[in-house]
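# Breakdown of the fold
Chain residues, written in single-letter form:
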Amino acid sequence: MATVYFDEATRRFSKEDAPAVDGITLDIADGEFLVLVGPSGCGKSTTLRMLAGLEPVDGGRILVDGHDQKGVRPRDRDIAMVFQSYALYPNMSAAQNMAFALDNAKVSRSETRQRVAEAAKILELEPLLDRKPGQMSGGQRQRVAMGRAIVRNPKVFCMDEPLSNLDAKLRVSTRSQIAGLQRRLGITTVYVTHDQVEAMTMGHRVAVLRDGKLQQVDTPERLYDHPVNTFVAAFIGSPAITLVESDVREGVARVHGVSVPLDRSVAGRAGEKVVVGLRPESWHVVETPARSGAGDSGTTALALNVELVESLGSESFVYGRPVGADDDADRVTVRLDKRTHLAVGDTVHVEPNRGEVHLFDAASGERIEA
Ligand SMILES: Nc1ncnc2c1ncn2[C@@H]1O[C@H](COP(=O)(O)OP(=O)(O)OP(=O)(O)O)[C@@H](O)[C@H]1O
Ligand SMILES: [Mg+2]
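Note that the structure is predicted; figures quoted are calculated from it, not measured.

### A word on the overall build of the protein
The helix and strand tally for the protein stands at nine helices and 20 strands. Here the protein holds 370 residues, and 49% of them are scored as buried. Pairs at least 24 residues apart make up 67% of the contacts formed inside the protein by residues separated by at least 6 positions. A total accessible area of about 18,100 Å² is found for the protein, and carbon and sulfur atoms account for 46% of it. One way to put it: in the protein the 45 positive side-chain charges average out to a point 8 Å from where the 51 negative ones average out.

### Focus: the site of ligand 1
If you check the shell around ligand 1, you find Phe13, Ala20, Pro39, Ser40, Gly41, Cys42, Gly43, Lys44, Ser45, Thr46 and Glu161 and nothing else. One nitrogen or oxygen atom from the main chain of glycine 43 is found 3.0 Å from an oxygen atom belonging to ligand 1. With respect to ligand 1, the side chain of serine 45 contributes an N or O atom lying 2.8 Å from an oxygen atom.

### Section: a negative patch on the surface
A cluster of acidic residues, Asp326, Asp327, Asp328 and Asp330, forms a negative patch at the surface. With respect to the secondary-structure elements, aspartate 328 resides in the loop between β17 (315-322) and β18 (332-337).

### Looking at the sheet that holds strand β2 (residues 21-28)
The pairing of strands in a sheet comes from backbone hydrogen bonds and takes either a parallel or an antiparallel form. Strand order in the open sheet made by the four strands is β2-β1-β4-β5, with antiparallel pairing throughout. Strand pairing shows two members of the sheet lacking a second neighbour, β2 and β5 (67-68), which therefore form its edges. Where helix α1 (residues 44-52) meets the sheet, it contacts β1 (4-11), β2 and β4 (59-64), and its direction lies at approximately 120 degrees from that of β1.

### What to know about the pattern of salt bridges
Scanning the entire structure with this criterion turns up 17 salt bridges. Here glutamate 32 makes a salt bridge to arginine 205, at a shortest N to O gap of 2.5 Å. Residue glutamate 32 is located in the loop between β2 and β3 (33-37), and its partner arginine 205 is located in strand β9 (residues 205-210); the two are separated by 173 residues in the primary sequence. For arginine 205, a relative accessible area of 23% gives the class partly exposed. Here glutamate 315 makes a salt bridge to arginine 335, at a shortest N to O gap of 2.6 Å. Of this pair, glutamate 315 sits in strand β17 while arginine 335 sits in strand β18, placing them 20 residues apart in sequence. You can call arginine 335 partly exposed: its relative accessible area is 27%.

### Structural notes on the confidence of the model for the protein
Across the protein, pLDDT averages 90, with 95% of residues at or above 70. Ignoring residues within four places in sequence, the model shows residues 293-298, a span with pLDDT below 50, making eight contacts including any to other chains.

### With respect to the environment of lysine 273
The residue lysine 273 is located in strand β14 (residues 273-278) in this model. For lysine 273 and glutamate 315, which are 42 residues apart along the polypeptide, the C-alpha to C-alpha distance reads 34 Å.

### What about helix α5 (residues 168-185)?
Between its first and last C-alpha, α5 extends 26 Å over 18 residues, near the 26 Å set by a 1.5 Å rise per residue. Looking at α5, one finds that the buried residues are Arg171, Thr174, Arg175, Ile178, Ala179, Gly180, Leu181 and Gln182. Along its buried surface, α5 packs onto β3, α3 (109-122), α4 (138-150), β7 (156-160), β8 (188-193) and α6 (196-202). Where α5 begins, the capping side chain belongs to aspartate 167, and its oxygen is found 3.1 Å from the backbone nitrogen of lysine 169. Just downstream of α5 lies glycine 186, where phi reads positive at about 65 degrees.

### Digging into the packing of α4 against α5
Their axes nearest at 12 Å, the elements α4 and α5 cross at an angle of 15 degrees. Classified by the angle their axes make, α4 and α5 are roughly parallel. With respect to the hand of their crossing, α4 and α5 are arranged in right-handed fashion. Together, Gly139, Gln142, Arg143, Met146 and Ile150 of α4 and Leu170, Thr174, Gln177, Ile178, Leu181 and Leu185 of α5 make up the contact between the two elements. Looking at the contact of α4 with α5 residue by residue, the classes come out as six nonpolar, four polar and one charged.

### Let's talk about the domain arrangement of the protein
Per the domain assignment, the segments of the protein are domain 1 (4-235) and domain 2 (242-361). The partner domain 2 presents six residues to the eight residues of domain 1 that form the contact. Summing the contributions of domain 1 and of domain 2, the shared interface buries around 590 Å²; its carbon and sulfur component is 62%. Three residues stand out in domain 1 for area buried against domain 2, namely Tyr224, Thr230 and Ala233, and they jointly supply 72% of the buried area on that side. At the junction of domain 1 with domain 2, the criterion picks out zero salt bridges.

### Describing the pairing of strand β10 (residues 213-218)
As judged from the five bridges shared by β9 and β10, these two strands associate in the antiparallel manner. If you follow alanine 207 over to β10, its bridge partner there is valine 217. Hairpin connection of β9 to β10: two residues between the antiparallel strands, including aspartate 211 at a positive phi of 50 degrees.

### Here's the deal with the nonpolar core
Formed by 43 residues in total, the largest nonpolar core has its most connected members in Met98 and Val208. Setting aside chain neighbours within four positions, we find methionine 98 in contact with Val116, Ala119, Ala120, Leu125, Leu129, Val144, Gly147, Arg148 and Val151. With 25 residues, the next largest nonpolar core counts Leu26, Ile62, Met81 and Leu209 among its residues.

Reading guide: rules and limits
Residue numbers restart at each chain and count upward from 1, following the sequence in its written direction. Going through the entries in the order they are written, you letter the chains from A and number the ligands from 1. Reporting of local features is limited, given that this is a predicted model, to residues whose pLDDT is at least 70; pairs of side-chain atoms are given and counted only at 80 or more, and all residues count toward the totals for whole chains, interfaces and linings. Each side-chain value is worked out from all heavy atoms of the structure, with water and hydrogens disregarded. A run of DSSP states H or I qualifies as a helix once it reaches four residues; a run of E qualifies as a strand once it reaches two. Both are numbered from the N-terminal end. Categorising residues by exposure relies on relative accessible area from a 1.4 Å probe, with only protein chains included: less than 20% of the type maximum marks a residue as buried, more than 50% marks it as exposed, and the intermediate range marks it as partly exposed. Contacts between residues were defined by any pair of non-hydrogen atoms, one from each residue, lying within 4.5 Å. Only the protein chains shown count as cover for residues, and all accessible areas are computed by the Shrake-Rupley method using a 1.4 Å probe. By the counting scheme adopted, Arg and Lys are positive, Glu and Asp are negative, and His together with the chain ends is not counted. For charged residues, the charge sits on one atom: NZ in Lys, CZ in Arg, CG in Asp, CD in Glu. A cutoff of 4 Å decides nearness: a residue is near a molecule or strand if any of its heavy atoms lies inside that distance of it. Counted as a polar contact is a pair of N or O atoms within 3.5 Å, where, for protein atoms, one must be capable of donating a hydrogen and the other of accepting one, and residues adjacent in sequence contribute only when both atoms are in side chains. Patch membership is restricted to residues that have no salt bridge and whose relative accessible area is over 30%. Joining uses 9 Å for like charges and 5 Å for the nonpolar side chains Val, Leu, Ile, Met, Phe, Trp and Tyr. The rule for a salt bridge is simple: a side-chain nitrogen of Lys or Arg has to be within 4 Å of a carboxyl oxygen of Asp or Glu. By definition, two strands form a pair when at least two bridges between them are found by DSSP. Angular values range over 0 to 180 degrees, each being the angle between N-to-C directions of two axes fitted as lines to C-alpha atoms, with helices fitted over their stretch in contact. Across the chain, each position has a pLDDT score giving the predictor's confidence in that residue, from 0 to 100. Multiply 1.5 Å by the residue count of a helix minus one, and that product is the helix's expected span. With respect to orientation, any angle under 35 degrees is reported as roughly parallel, any angle over 145 as roughly antiparallel, any angle of 65 to 115 as roughly perpendicular, and every other angle as oblique. Left-handed describes a crossing whose near helix is turned anticlockwise from the far helix through less than a right angle; right-handed describes the clockwise counterpart. Residue polarity follows a fixed list, in which Ala, Val, Leu, Ile, Met, Phe, Trp, Tyr, Cys and Pro are nonpolar, Asp, Glu, Lys and Arg are charged, and the others, Gly among them, are polar. Segmentation of the chain into domains, including their bounds, is taken from an automatic or database domain assignment. By definition, the buried area sums, over both parts, the 1.4 Å-probe accessible area that each loses when the two are put together. Nonpolar core, defined: a set of buried Ala, Val, Leu, Ile, Met, Phe, Trp, Tyr and Cys residues in which side-chain atoms within 4.5 Å join the residues together.

Have a look at this one:
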């Protein structure tokens, strides 16, 4: 059990390049499941490797339980790492793989046997203990890799995309197994993924990284409801939020010619350029759109030319481009309940739901709070 504190931690691979990890400050509570998420190359693995001692810290500090880890060797850190590749020894059985670190640490035979048995029970690996990695499925190997981390009873788990080699269905079940296991063991966990669904479903809090810089650390709900900038807004949520640049006039922002009423405090920013963000579920279909003529401040429906329909059974997503807009206009994504009879080429009229508009400054991308 441990707290982890990144204090402006920085990693710079070369003098010429921007830092791979750029002054990250992150306070992780004892027992917390923190997910690091962001696009490829944003510095997730490097951040994790710095914590595990596999990568030096060029600026700032990393504290575990209040102790600066500078100079502490990886093997003395009491941090167990689970990699994407599992990194199992191919010629050892599942049981031997799990026991390996304990043998090295001179843990007694009986203690080792007991810890491996416990881990095997938790992970439902008991029937597979004598198998070698080559005789196991991807999901089973992944559980052995988890078992190897668990038997060490470490202060901190570091997991770097441990599910990315699993097929979609197995990922979903393993994701909840890992989250449940972490809850039961209560071991502070830093989990890296580039999959925002994994991040949102597993983490107590999620830290979003971009180009080595921390954008936002929050609960999944806060990230979704209050993204601090357009990057986080676009990264979290699937299908993605629709972002449209617009200017504020007479208390409304215009989205492809449709007037979106704004909160009074924001409406005061007349003449400013803003980015309006609307999530797929923040629209509703209007069957018989009112004729325009209510003036600029009246909300008229947006006519969309349907370009793609995704029916997922329980819900549908309609992707369309505003009628009359040029080809490079952003597509608008609309979520519909259940089935839809809409097809490619149809026109559908939609209106934004009141009070569900996200607003960002067009120049900085920062959120404008209503
Ligand atoms: N050993 C290295 N030498 C030089 N540059 C490196 C090294 N390792 C990583 N980098 C660079 O640091 C940046 C961050 O890499 P990192 O592996 O942390 O990204 P990531 O977020 O884990 O990406 P992915 O999702 O693709 O795994 C990248 O620009 C990468 O090219
Ligand atoms: Mg990585």
